[in-house]
Amino acid sequence: MYFNEEKAKRIGERFEGGKLAKKVHKSIEQLKRHDPDVQISTEPTKYLLVSNSSILCGVSLEELEEIFLPLDELAEFIVYPNKRSYSFVQCSSIEKSIQVRTELHGLIPPSLKNSHQPFAISYVENLPEATKCEDFRPANLKIIEEYVSSDLEKELVDLVTNHPSVQSLKHRAVVHFGHVFDYSTNSASEWKEADPIPPVINSLIDRLISDKYITERPDQVTANVYESGHGIPSHYDTHSAFDDPIVSISLLSDVVMEFKDGANSARIAPVLLKARSLCLIQGESRYRWKHGIVNRKYDVDPRTNRVVPRQTRVSLTLRKIRRKPCECEWKEFCDWDRKGEMSVPSNEDLALKLENSYVSDVYENIASHFDETRHSSWKAVKQFINEIPRGSVMYDVGCGNGKYLIPKDGLLKIGCDMCMGLCDIARKKDCHVARCDALALPFRYESADAAISIAVLHHIATFERRKRLIEELLRVVKPGSKICVTVWSMDQSQSEYAKMRGNKDDVAAAPAVSSEETQTTNRLKVHDGKDFEQQDVLVPWTIDQKGETFLRYYHVFREGEAEKLIESVQGCKLISVEKEQGNYIIIAKKI
Amino acid sequence: MKLFVHNFMSSRFLKNVTVGYPLNLVVKQFVEKDIEFDRDNTIVMLDRIQYEALIVAAAAVNQSDRIPREKPEKWDELTDEQLRVFHHLLMNIDVIDGELICPETKTVFPIRDGIPNMLKVDAEK
């Protein structure tokens, strides 16, 4: 095995002189770039800029504590989950600060597990300005600080912690009022009544109504006692179980609640819920975003990045049981299939409706952004095109931005697409295009020598229709001609897409608290993880600059499915099915 | 839409249409743009087209008198001058606004901004 001795871990080594000066210079450059409001100080101060000490460098907060706290037990930390390679340490006094710097400046601390870079430490005049929390919040989330007085806080905490019905769960204690919350269905059972809602909570409800935060009286209250270090997995409050909003009251300890976009779990909004605050999880923040609390003993305040120890926390969740089906506008994230609208289509009409909303309309909306991002070609497709004799006629069905039409390769190429926006883009690049439905090709019978259809077949919602696409391609090519069709495969390992989504939740690792119903119905699901859990999914397309997300329908192919489809088409002979980066490249011939 | 493309279009995909070819063409606006002439490429292209549809296309831009009524026997026996006429018709003329019409059902497909819209649902509106 290759091993570079010079790169060996230099544990405990200390940098000095010019080498260290270089490291210091580098860290100050980084500081200027990321936190221009922080000034370097030539005189000692309480605040230290510590380079090579962030998660990005493989240094955890626990390691920082282990290194700094023995030198100053009251030191406080400001850490960054991304972007910055440094942290700030606030010492309890200037004397301590000088001592800490003398000990650690230039040192590669022996206790570091992953990093082999030395700490370069500089004094700074101040810490970075707090950012606005609102910037990170999902839409419609509302937080009112100090909604509960200290006296009421005490009364509520006493009520919950001393309650005879308090029940211990894995990581927290819980007590229900009004109705019992059923953890197997994640809903409240109408007929299983719990202890009545106590007067003190009832008067809190009166106040919520008179303050116009809610209109309907909640009839199900869950109180949770979280020991420091414990949280709750990311989840949606089941749409069909409760009305809007979900009211959450935090007591005793501040905590950071993480909201994750249901269409993109890498989009995380950490939200600080202060003790005694009221939080209304409603609208988009309730229906589209998951929320949860990470299991750990500290939080990083999203406004200041300061590390705050977590105390025992009590939360009250006030909900109103839903008695009519959910009709929220975030139907793709809903737990019922909306009278079939969100189910995997079983007939032609439903398939067409689905393809219109979740394929055609979406492409019209994302056409220009799509064009900016689609340039590289599949190797196997290129090879297929290269093997077609020069001077042949080739159709590109679903030509998109025209990337296979543009090269001047001696072929007579005509493209078509359902999306007008993409037809326009391809035409502006001097491609020959027509707008049409891939299942009704406007080409003369047996008029081409080859046809390709790249990444189209997986947007077609039933087997019958997928079969018809192949039949259409065969209809317009001459006997003996080949067609090349690509689809997404269910197995996305090794694909660029998986790499791109590598920082997202692993579906298996983070079981969503979803209802039984979701797992058994034949329902479309918003794809959120690395691996496809089912074949019919809605895959988000996000335009970052605009913060917009569109959901595209996909039927991803299982191993062997392409072969079966081709076999079912009369007069079609399968040549090969190749796998390339999460795609099946199917080549077949018209007999 | 280049007239070359018209040569490959058909309305056979419509219900009860048996041939759907050639499509009638109405040209309301077209532009001419010089695409480089290449003798060999032009011959290759002419080998792929249907002459009857080319006559329809030429008529639509009032240029039928520039090409013979009958298909020439052998394309490679034509002079460059003669081939240039075909090249001009098929590659230089770009229909911006017009209609394609199914010869059997008379269904009208609009050509707007140079793009023929062959969607059945739009045609039926």
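The rules we used
Residues numbered from 1 in each chain as written. Chains lettered and ligands numbered in written order. Predicted model: local features only at pLDDT ≥ 70, side-chain atom pairs only at ≥ 80, totals over all residues. Heavy atoms only, no water. UniProt positions renumbered as here; feature names shortened; annotations may be inferred. Buried < 20%, exposed > 50% of the residue type's maximum accessible area, 1.4 Å probe, protein only. Helix = DSSP H or I, 4+ residues; strand = E, 2+ residues; numbered from the N terminus. Contact = heavy atoms within 4.5 Å. Buried area = accessible area lost by both parts, 1.4 Å probe. Salt bridge = Lys/Arg side-chain N within 4 Å of Asp/Glu carboxyl O. 1 Å grid on protein atoms, 1.4 Å probe; cavity = no way out; pocket = protein on both sides within 12 Å on 5 of 7 lines; lining within 4 Å. Points joined across faces, edges and corners; volume = space filled by probe spheres on them. Nonpolar A, V, L, I, M, F, W, Y, C, P; charged D, E, K, R; others polar. Domains from an automatic or database assignment. Axes fitted to C-alpha atoms, helices over the stretch in contact; angles between N-to-C directions. Parallel < 35°, antiparallel > 145°, perpendicular 65-115°, else oblique. Pairing = 2+ DSSP bridges. Expected span 1.5 Å × (residues − 1). Arc of directions from axis to C-beta. pLDDT = per-residue confidence, 0-100. Core = buried A, V, L, I, M, F, W, Y, C linked by side-chain atoms within 4.5 Å. Polar contact = N/O pair within 3.5 Å; in protein donor to acceptor, adjacent residues only side chain to side chain.

The name UniProt assigns to chain B is Multifunctional methyltransferase subunit TRM112-like protein, from the organism Caenorhabditis elegans. Under Sequence similarities, UniProt gives the following word-for-word description of chain B: "Belongs to the TRM112 family."

Within an unreviewed UniProt entry, the label attached to chain A reads Fe2OG dioxygenase domain-containing protein, and the organism entered is Caenorhabditis elegans. Listed in UniProt under the heading Cofactor (unreviewed entry), the comment for chain A reads: "Fe(2+)".

**Q** What exactly am I supposed to notice about helix H3 (residues 51-60) of chain B here?
**A** Since the α-helix packs 3.6 residues into each turn, any two residues three or four apart lie on the same face. Residues and elements named next belong to chain B. Listed in full, the buried residues belonging to H3 are Tyr-51, Ala-53, Leu-54, Ala-57, Ala-58 and Ala-60. Considering only its buried residues, H3 is in contact with helix H1 (3-6), strand E1 (24-32) and helix H4 (80-92). Backbone geometry just downstream of H3 places Asn-62 in the positive-phi region, at approximately 55°.

**Q** Honestly, the interface of chain B and chain A in this entry has me stumped. Any pointers?
**A** Each side of the interface is counted separately: chain B has 27 residues, and chain A has 28 residues. Of the roughly 2,200 Å² buried at the junction of chain B and chain A (both faces included), carbon and sulfur atoms supply 63%. For chain B, the biggest contributors to the area lost against chain A are Phe-8, Arg-48 and Ile-115 of chain B; these three give 29% of the whole. On the surface where chain B and chain A come into contact, there are 3 salt bridges.

**Q** I keep staring at the UniProt feature "domain: Fe2OG dioxygenase" (unreviewed entry) in chain A and nothing clicks. Help me out?
**A** Under the present numbering, the feature "domain: Fe2OG dioxygenase" (unreviewed entry) in UniProt falls on residues 217-322 of chain A. The span residues 217-322 of chain A is 5% helical and 53% strand by assignment, and the distance between its end C-alpha atoms comes to 12 Å.

**Q** How should empty space enclosed by the protein be read in this particular structure?
**A** A water-sized probe rolled over the atoms picks out the places where empty space is left. Residue and element names in this part refer to chain A. Going through the model one piece at a time under the given rule, you end up with 2 cavities of 30 Å³ or more. In this structure, the second largest cavity occupies an estimated 40 Å³ of space. Looking at the second largest cavity, the residues that line it are Tyr-226, Glu-227, His-230, Gly-231, Val-255, Ile-293, Arg-310, Gln-311 and Arg-313. Each residue belonging to the lining of the second largest cavity can be placed in one class, and the counts come to 3 nonpolar, 3 polar and 3 charged.

**Q** How do you make sense of the domain arrangement of chain A when you look at a structure like this?
**A** Interface size, as often reported, equals the accessible area lost upon joining of the parts. Domain boundaries in chain A define domain 1 (5-123), domain 2 (142-332) and domain 3 (348-491 + 559-590). Each of domain 1 of chain A and domain 3 of chain A has a C-alpha centre, and these two points are 55 Å apart.

**Q** It is not clear to me how the UniProt feature "domain: TRM112" in chain B should be interpreted in this structure. Could you clarify?
**A** Mapped onto the present numbering, the UniProt feature "domain: TRM112" falls on residues 2-121 of chain B. What you have in residues 2-121 of chain B is 32% helix and 21% strand, and the ends, taken at the C-alpha atoms, are 24 Å apart.

**Q** Quick question: what am I supposed to make of the packing of helix H7 (residues 348-373) of chain A against helix H9 (residues 420-428) of chain A here?
**A** Axis angle and axis distance: for two packed helices, these are the angle between their axes and the distance between the axes, and together they describe the pair. All names here are of chain A. Orientation of H7 relative to H9, taken along the N-to-C sense of each, is 30°, at an axis distance of 7 Å. Comparing the axis directions of H7 and H9 gives the class roughly parallel. Residues Tyr-363, Glu-364, Ala-367, Ser-368, Phe-370 and Asp-371 of H7 touch H9, and the partners they reach there are Met-420, Gly-421, Leu-422 and Ile-425. Here the contact of H7 with H9 is built from residues that sort into 6 nonpolar, 2 polar and 2 charged.

**Q** Where do I start with the sheet that holds strand E24 (residues 477-488) of chain A in this structure?
**A** Working definition: the strands of a sheet are paired by backbone hydrogen bonds and lie parallel or antiparallel to each other. All names here are of chain A. With respect to topology, 7 strands assemble into an open sheet ordered E22-E21-E20-E23-E24-E29-E28, the strand pairing being mixed. Edge strands, defined here as strands with exactly one partner in the open sheet, are strand E22 (433-435) and strand E28 (572-580). Recorded for the sheet is a direction-independent mean angle of 15° between the axes of neighbouring strands. Relative to E24, strand E23 (residues 448-454) is paired through 6 bridges, and the arrangement is parallel. Looking at E24, one finds that Ala-451 is bridged to Ile-483.

**Q** Honestly, helix H4 (residues 150-161) of chain A in this entry has me stumped. Any pointers?
**A** Residues and elements named next belong to chain A. With 12 residues, H4 extends 16 Å between its outermost C-alpha atoms, agreeing within 8% with the 16 Å of an ideal straight helix rising 1.5 Å per residue. Three or more residues of H4 are buried, namely Leu-152, Glu-153, Leu-156, Val-157 and Val-160. Viewed along the axis of H4, the buried residues span an arc of 130°, placing them on a single side of the element. Of the exposed residues in H4, the ones pointing more than 90 degrees away from its buried face are Asp-151 and Lys-154. Buried residues along H4 sit against strand E7 (172-177), helix H5 (199-210), strand E10 (220-226), strand E12 (246-251) and strand E19 (313-319).

**Q** Would you explain the environment of Pro-540 of chain A in this entry?
**A** Residues and elements named next belong to chain A. On the secondary structure map, Pro-540 appears in strand E26 (residues 536-543). Taking the relative accessible area as the measure of exposure, Pro-540 reaches 10% and is therefore buried. The spacing of Pro-540 and Leu-551 is 11 residues in sequence and 4.4 Å in space, taken between C-alpha atoms. For Pro-540, the residues in contact, after removing those within four places along its chain, are Ala-263, Val-526, His-527, Thr-549, Phe-550 and Leu-551.

**Q** What's the story with the sheet that holds strand E3 (residues 87-90) of chain A in this structure? I'm lost.
**A** Residue and element names in this part refer to chain A. Strand order in the open sheet made by the 4 strands is E2-E3-E1-E4, with antiparallel pairing throughout. On the outer flanks of this sheet lie strand E2 (76-78) and strand E4 (121-124), each paired with one strand and no other. If you compare each strand with its neighbour and ignore which way they point, the axes differ by 30° on average. Here strand E1 (residues 47-50) runs beside E4; their pairing, made up of 4 bridges, is antiparallel.

**Q** Explain the confidence of the model for chain A here, please?
**A** As a general rule, the predicted coordinates of low-pLDDT regions are not to be interpreted in detail. Summarising the model, chain A shows a mean pLDDT of 89, and 92% of its residues fall at 70 or more. Long-range and interchain partners of residues 506-521 of chain A, a stretch whose pLDDT sits below 50, account for 20 contacts in this model, where long-range means more than four residues apart.

**Q** I tried to follow the nonpolar core on my own but got confused; where do I start?
**A** Generally speaking, soluble globular proteins have nonpolar side chains that are buried together. Judged by nonpolar contacts, the single largest core of 76 residues is most densely connected at Tyr-395, Leu-469 and Ile-483 of chain A together with Phe-4, Leu-25 and Leu-100 of chain B. In terms of residue count, the dominant contributor to this core is H4 of chain B (6 residues). Leaving out residues up to four positions away in the same chain, Leu-25 of chain B has contacts with Met-1, Leu-3, His-6, Val-56, Ala-57, Ala-60, Glu-99, Leu-100 and Ile-111 of chain B. Counting residues in each nonpolar core, the second largest holds 39 residues, with Cys-326, Ala-351, Tyr-363 and Val-537 of chain A among its members.

**Q** Which parts of the structure should I look at to understand the side chain of Lys-413 of chain A?
**A** All names here are of chain A. Mapping Lys-413 onto the fold places it in strand E21 (residues 412-417). We classify Lys-413 as buried; its relative accessible area is 7%. At 3.4 Å, the side chain of Lys-413 and the backbone oxygen of Leu-405 are in polar contact. Discounting chain neighbours no more than four positions away, the residues touching Lys-413 are Met-394, Tyr-404, Leu-405, Pro-407 and His-432.

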